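One letter stands for each residue in the lines below.
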Amino acid sequence: MLSRTFIIATTVKSHRRRRHAPNLSLTRLLSPTKRPISTGFNKILNNPQNAGHPPPPPLHRLRPNPFSRLAFTATFISAATAAAYVVFFDNHDEFNAQKPDKNRMHGDSFTMERSNESLRRILDTMRHTGVAVSVLWKSLSSVLSSANHEVRSGFEVRVAALLADIVAADDSRRSAIVGAGGGLVVDWLLDSVALNGGGDYGTQAESARALAYLIADSNVSEAVLRRPQAVPNLLRFIFSAHPRHKDQQQELDFADPLKGRSMLVAAIMDIVTSHDDKVDKVKLKPMLSRKAAMRDIEAALQVVEEGGMHWNEPPSRNQDDGNVRLNGSMELEKPHVKSVTRIKRMLFNKKGDNSPIVIPGLWDDLHCQHVAVPFAAWALANWATASDVNRSRIQELDHDGRAIMTALVAPERSVKWHGSLVARLLLEDRNLPSDEFVSDWGSCLLSTVSQASKSEDVPLTRVALSAFLLSLERCPGAQEAVMEKSLYLMRETAIRMKKHESVQEALAKGLESLCTGNMHLTFDESQKWSSILLHWVFSNTSSDATRSSAIKILSRVLEDYVPSSIPISQGWLAILLNDILKHRMQSLKGSAQPKDKVKTQIDQANVVSGTHAAKALASAVVNLTVNWLGTESLEDLLRIEPFFTPFKNMKKNVPKMNAVDSALATLKGIKTMSEICSDDTFCQTRIIDYGVVPLLRRMLLKDDYEKLAAVEAYKASTDIKSSDQPASDSSRVRVPPAAHIRRHAARFLTILSVHPKVKQLILNDKVWCDWLEDCANGKIPRCNDPKTRSYARATLLNILCNDDGKKNRCPHFTEMIYLIKPDLPHWKYPVEGRWKSSADMPSDKENQTNPFSEVHEGYLDEDTRMLDDTYSHSDPSFDVVFVHGLRGGPFKSWRLSECKSSSKSGLVEKIDEEAGKHGTFWPAEWLSADFPHARLFTLKYKTNLTQWSGSSLPLQEVSSMLLDKLITAGIGDRPVVFVTHSMGGLVVKQMLDQARTEHRDSIVDNTIGVVFYSCPHFGSKLADLPWRMGFVLRPAPTVRELRSGSPRLLKLNDFIRRMHKKGALDVLSFCETKVTPIVEGYGGWAFRLEIVPIESSYPGYGKLVVLESTDHVNSCKPITKSDPSYNETLQLLHKLRASIQEKSY
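Please read these numbers as outputs of a predicted model, since none were measured by experiment.

1. Here we look at the overall build of the protein chain
Okay, so step 1: The helix and strand tally for the protein chain stands at 49 helices and eleven strands.
Okay, so step 2: Taking all 1145 residues of the protein chain together, 55% fall into the buried category.
Okay, so step 3: Partitioning the intrachain contacts of the protein chain with sequence separation of at least 6 by distance along the chain shows that 80% fall at a separation of at least 24.
Okay, so step 4: Total accessible area on the protein chain stands at roughly 51,900 Å², and carbon and sulfur atoms take up 51% of it.

Below you can see the structure in the form of structure tokens.
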């Protein structure tokens, strides 16, 4: 075919004589490719003898003259010749190896052989003569300049068809064509499909076919699309190449405009739709230039905004179908196109197996606008992704945001996707200004999110949602618009897309941004969002970010709407409790045969009580919602478990649950949760992640149930006045147990305060830190309870500890260790100097590492900071630890007594008896003032007289647990004195013996004194009583261990005897002299018993003090300071302090 083309051109100009010139034009066109032509050919090109020949005219200078198109045609002949040369001569061996079929010698194979022979002769001549290709260029230009229209058109169509056949072959030929002439071949193809400066449909069709193969090849498509004006030319092609009815006389085998257009449109749409589902999965690789021309971006913006584009060149002559209306308001004129030249297509070669797949016909039914607009939006997204320069130019040209807005509301899905991506990229660029139209963008983006979620279009939902979040961040007006009109769209999307965590996380983040600052969810919206928020918190698929955002939003809702938000907080607590109960029951079922049956019984008892508490909480939520708010507001919440069952079973005339009942349900829930999770690290981590800390903060700092009770009282008084009924007795009004809720919330917070996440949460909340400090100091009226104050101080000490667990260690206080007088100076600032034993004190206190030294001063109150300079002088010299006995408590065992012999009895214990209710707590009121040289602690452990009162641990289990708590709290690092009552003395003995056995010698060596109040060193008559009465009383494990003559008790007493004999500790014992009432009957009758006789109260060493007219319970309860039970203990402490001072000098 090449030889035929060459003959035609030379025949027209009557040039029979061939001129030989070096092929410089060919070398220029192939210069970007890396494929070598041949060694001999390179030598001819580089021959110095050919240096005198003039170079070919520059291509860009040929464009203005009337024959520039013909000159370009000559250039493409050289490009095609070079491509054919590369294909045939680089694969010469392969060509010779392929034998033609004998049956097709007179067909295409014959034509190909003749073409190859002619081409080979031409190249051989060029190698031998060394004549420059510029001579060929001038010759072809002069020939075509005088040729008629038919010759030029036929020549262009043949060149385009030749290029289409070449690029259809394989990827190496496509790479050669794209690189030929530095991209000039591709530029000509782009100009041809756009009909720039005229042209015909035949050339356009073949050029479109060639470009279809190039664009469909991922290896070269980027180079094609990055050519100057590639996007505008392709847009021109889309608008100019309308589907036309094929001429009935048109042959089937010549250049068909419909097929060429169909192939190129299919390739374009394949690129447009190939990456619109991969946002956030893979980074979108831009295929267009990093520095796009302003005119290219302007053309794309024009197509997106107006649905069409203006032609830069006016038509040369009119045609019947020259005017095209694209959008109903804008008329566009197509350029002049010439008639289709009917020629037969000649195959250059058979297509290879690796040719790009282009399926024509897929998009033929689309109007040009529905192809051009998606392609323009794709181009804008690629430019915006490529560089900030392109984003700045897009922002400059679309200064009013109308084009992006049009893309966001377009009906085509790909246009919305790419428009959302452009919006996201522009909003992400902080260097670009945030204009007022961003608010409109946000509304459109949210609408797109909602529509995409209806069809579960996750990619479009995600990209639009990400842009929506940026609009909220960049524009306050967008936040206001969403809060006023469009918040329901977010809620509906969250319900539809529950299975897609990425969407849930983005929605949670967006809602969190809307609920910050001065904006608040309305009451109605907060109720409707509650079920979604709780789902985000407790769903196993929720990410940490989603859960964190939901917790913050719920906390804000509880803050804004009290007491109406109590059902939400109770529902939150109920789901938390059900979750940990499920975990605990699974662990109990999955565990092997338990080694400690008593511990297992306690865990099972906690699960049973927790199940009852969870049901009570769920019923309280349902009852309070139905009677207080109405089912419409929290209908979605009531339809999830654990609320659906009680809601379904609720009768119509159910009694109204008041504030007291609701508060009691909350109290039981928080108590049970703290019992279950007190020693379970996994449980603690789980509930912390699920937001228990904000709930505890709410219970501590706010008075929700008091407000609910006040509202109820107001409504009741209003109803009485309206019905003229007599007023009820105010003495019968029930008060919510708010103090109990606050105490148990503080206790649970102390348990969790050693966790790093909880530390960070509290330290970042200055309001909470200040509240804890004021509560510990007794400055808050609602925190007068000594337990609550102790919890507050212990929490502060735990969160202010900066130890690393290795070199630097500071104490961690748990809920079992109470700090007496937490407002004293030595609790407000941590201790710097400590000694490990009573006989070994540090010689250089300045070198002691203080784990609290890095605590920020902003978290300490003014009084605490003032103690910094004088603290070393007020550092207590040792610790005093109080340990109660059977049926005792950390505070009630050490209160003052009005009568030493009038103790009340009862086998049923009163749980959570308020501290201070029956008298003064003498360690805090008397001892702290009379002996300010020690830190005072009191311990708590669970004891029961019988199993009817509940399960309790044996003596060894209790001692082991307390030993771990004391060492963790740093008790035993300095001299310590234990003051014990009844079984508490045996607990201390067992604890010291175990510490010595386990080589935890610090606490044993630092124990310098023990005070025993009615301690059964050799057993108790109370423990002997149940064995005589059979199994009626069912004694607890701790009571069974107190039987007279127990070998274990004798062993423990010998251990303490040896310590006392060595002079390691002093012992002071007190003995009761009155019987104690055990069971009381009617008419003043009571069963009385001497629980610890004198022979068991005295261990056989140390000092013994006999308390006259004193029973077992009151032996540790002095009446006045002159009472021996107080005075003797105080004297012992002064003696021990003097001994320590003597050792220190």
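2. Points about the packing of helix 17 (residues 368-386) against helix 20 (residues 413-428)
Okay, so step 1: Remark: helix 17 packs on helix 20, axes separated minimally by 8 Å, with the N-to-C direction vectors making an angle of 25°. Relative to helix 20, the element helix 17 is oriented roughly parallel. Once helix 17 is placed against helix 20, the crossing between them reads as left-handed. Two secondary-structure elements touch here, helix 17 through Val-373, Pro-374, Ala-377, Trp-378, Leu-380, Ala-381, Ala-384 and Thr-385 and helix 20 through Ser-414, Val-415, His-418, Leu-421, Val-422 and Leu-425.
Okay, so step 2: For the contact of helix 17 with helix 20, a count of residues per class yields eleven nonpolar, three polar and no charged.

3. Focus: the pattern of salt bridges
Okay, so step 1: Within the structure shown, the criterion is met by 45 salt bridges.
Okay, so step 2: Of the charged contacts, one joins Arg-209 and Asp-165 as a salt bridge, the two residues approaching to 3.2 Å between their closest N and O atoms. On the criterion of sequence distance, the pair formed by Arg-209 in helix 12 (residues 201-216) and Asp-165 in helix 9 (residues 149-167) is long-range, its members being 44 residues apart. The pair Arg-209 / Asp-165 is uniform in exposure class, with both members buried.
Okay, so step 3: The network of salt bridges with common partners includes Glu-559, Arg-698, Lys-702 and Asp-704.

4. Things to note about the pairing of strand 6 (residues 976-981)
Side-chain positions along a regular strand alternate between the two faces of the sheet.
Okay, so step 1: Taking burial as the measure, the six residues of strand 6 include six buried ones, the bulk of the element.
Okay, so step 2: The pairing of strand 4 (residues 878-883) with strand 6 spans five bridges and is classified as parallel. Each bridged residue has a counterpart across the sheet, and for Val-880 the counterpart in strand 6 is Val-977.
Okay, so step 3: Bridge count for strand 6 against strand 7 (residues 1007-1013) is six bridges, and the pairing is parallel. Counterpart to Val-979 in the pairing with strand 7 is Val-1011.

5. Digging into the state of the cysteines
Okay, so step 1: Within the structure shown, the criterion is met by two disulfides.
Okay, so step 2: Between Cys-677 and Cys-683 runs a disulfide, and the two sulfur atoms are separated by 1.9 Å.
Okay, so step 3: A relative accessible area of 0% places Cys-677 in the buried class.
Okay, so step 4: Judged by relative accessible area, which is 1%, Cys-683 ranks as buried.
Okay, so step 5: With its sulfur 1.4 Å from that of its partner, Cys-801 forms a disulfide with Cys-810. The S-S bond linking Cys-801 to Cys-810 shows a torsion near 70°; that makes this disulfide right-handed. Grouping residues by exposure puts Cys-801 and Cys-810 together as buried.
Okay, so step 6: For the protein chain, the bonded cysteines connect in the pattern 1-2, 3-4 when numbered consecutively along the sequence.

6. Section: the sheet that holds strand 4
Strand pairing in a sheet takes place through backbone hydrogen bonds and is either antiparallel or parallel in direction.
Okay, so step 1: Reading across from one edge, 3-5-4-6-7-8-11 is the order of the seven strands in this open sheet, with mixed pairing throughout. Looking at strand neighbours, the two that pair on one side only are strand 3 (817-819) and strand 11 (1103-1106), the edges of this open sheet. Ignoring strand direction, the axes of neighbouring strands in this sheet form an average angle of 20°.
Okay, so step 2: Inspection of the sheet shows strand 4 paired to strand 5 (residues 934-939) by five bridges, in the parallel sense. The residue bridging Phe-882 from the neighbouring strand is Thr-938, located in strand 5.
Okay, so step 3: Relative to the sheet, helix 49 (residues 1124-1144) contacts strand 4, strand 6, strand 7, strand 8 (1066-1071) and strand 11, its axis offset from that of strand 8 by approximately 180°.

7. Topic: helix 10 (residues 171-179)
Okay, so step 1: Here helix 10 has its buried residues at Arg-173, Arg-174, Ala-176, Ile-177, Val-178 and Gly-179.
Okay, so step 2: In the segment just after helix 10, Gly-181 is the residue with positive phi, at about 65°.

8. Some words on unusual backbone geometry
Excluding glycine, residues mostly have negative phi values, and the peptide bonds linking residues are mostly trans.
Okay, so step 1: In the segment running from Val-562 into Pro-563, the intervening peptide bond is cis, with an omega of 10°.
Okay, so step 2: Secondary-structure assignment places Pro-563 in the loop between helix 26 (544-560) and helix 27 (566-590).
Okay, so step 3: In this chain, Glu-641 is followed by Pro-642 through a cis amide linkage whose omega measures 15°.
Okay, so step 4: Looking at the secondary structure, you find Pro-642 in the loop between helix 29 (635-638) and helix 30 (644-649).

9. Let's talk about the packing of helix 35 (residues 738-752) against helix 38 (residues 786-799)
Geometrically, a packed helix pair is captured by the angle between its two axes and the distance between the axes.
Okay, so step 1: Following both chains from N to C, one finds helix 35 and helix 38 inclined at 25°, their axes separated by 9 Å at the closest point. It follows that helix 35 is roughly parallel to helix 38 by the angle criterion. By crossing handedness, the relation of helix 35 to helix 38 is classed as left-handed. Taking contact as the criterion, the partners of Arg-743, Ala-746, Arg-747, Leu-749 and Thr-750 in helix 35 are, on helix 38, Lys-787, Thr-788, Tyr-791, Ala-794, Thr-795 and Asn-798.
Okay, so step 2: Each residue belonging to the contact of helix 35 with helix 38 can be placed in one class, and the counts come to four nonpolar, four polar and three charged.

10. Here we look at the environment of Ser-387
Okay, so step 1: Here Ser-387 lies in the loop between helix 17 and helix 18 (388-397).
Okay, so step 2: A relative accessible area of 5% places Ser-387 in the buried class.
Okay, so step 3: For the pair Ser-387 and Ser-289, spaced 98 residues apart in sequence, the C-alpha separation works out to 8.7 Å.

11. Here's the deal with the packing of aromatic side chains
Okay, so step 1: Considering all chains together, one arrives at 19 aromatic pairs under this definition.
Okay, so step 2: Seen from their ring centres, Trp-529 and Trp-536 are 6.0 Å apart, and the 50° between their planes marks the pair as tilted.
Okay, so step 3: In this structure Trp-529 comes out as buried when scored by relative accessible area, which is 0%.
Okay, so step 4: Relative to Tyr-818, the ring of Tyr-791 lies with its centre 5.3 Å away and its plane at 50°, an arrangement referred to as tilted. Here the residue Tyr-791 occupies a position in helix 38, and Tyr-818 occupies one in strand 3, the gap between them amounting to 27 residues. Each of the two residues, Tyr-791 as well as Tyr-818, counts as buried.
Okay, so step 5: Three or more aromatic residues joined by ring pairs form one cluster here, namely Phe-882, Trp-894, Trp-922, Trp-926, Tyr-1013, Phe-1070 and Tyr-1126.

Cut-offs used in this document
- Residues numbered from 1 in each chain as written.
- Predicted model: local features only at pLDDT ≥ 70, side-chain atom pairs only at ≥ 80, totals over all residues.
- Heavy atoms only, no water.
- Helix = DSSP H or I, 4+ residues; strand = E, 2+ residues; numbered from the N terminus.
- Buried < 20%, exposed > 50% of the residue type's maximum accessible area, 1.4 Å probe, protein only.
- Contact = heavy atoms within 4.5 Å.
- Areas by Shrake-Rupley, 256 points an atom, 1.4 Å probe, with all protein chains shown as cover.
- Axes fitted to C-alpha atoms, helices over the stretch in contact; angles between N-to-C directions.
- Parallel < 35°, antiparallel > 145°, perpendicular 65-115°, else oblique.
- Left-handed = near helix turned anticlockwise from the far one by under 90°.
- Nonpolar A, V, L, I, M, F, W, Y, C, P; charged D, E, K, R; others polar.
- Salt bridge = Lys/Arg side-chain N within 4 Å of Asp/Glu carboxyl O.
- Pairing = 2+ DSSP bridges.
- Disulfide = S-S within 2.5 Å.
- Phe/Tyr/Trp six-rings, centres within 6.5 Å; stacked < 30°, edge-to-face > 60°.

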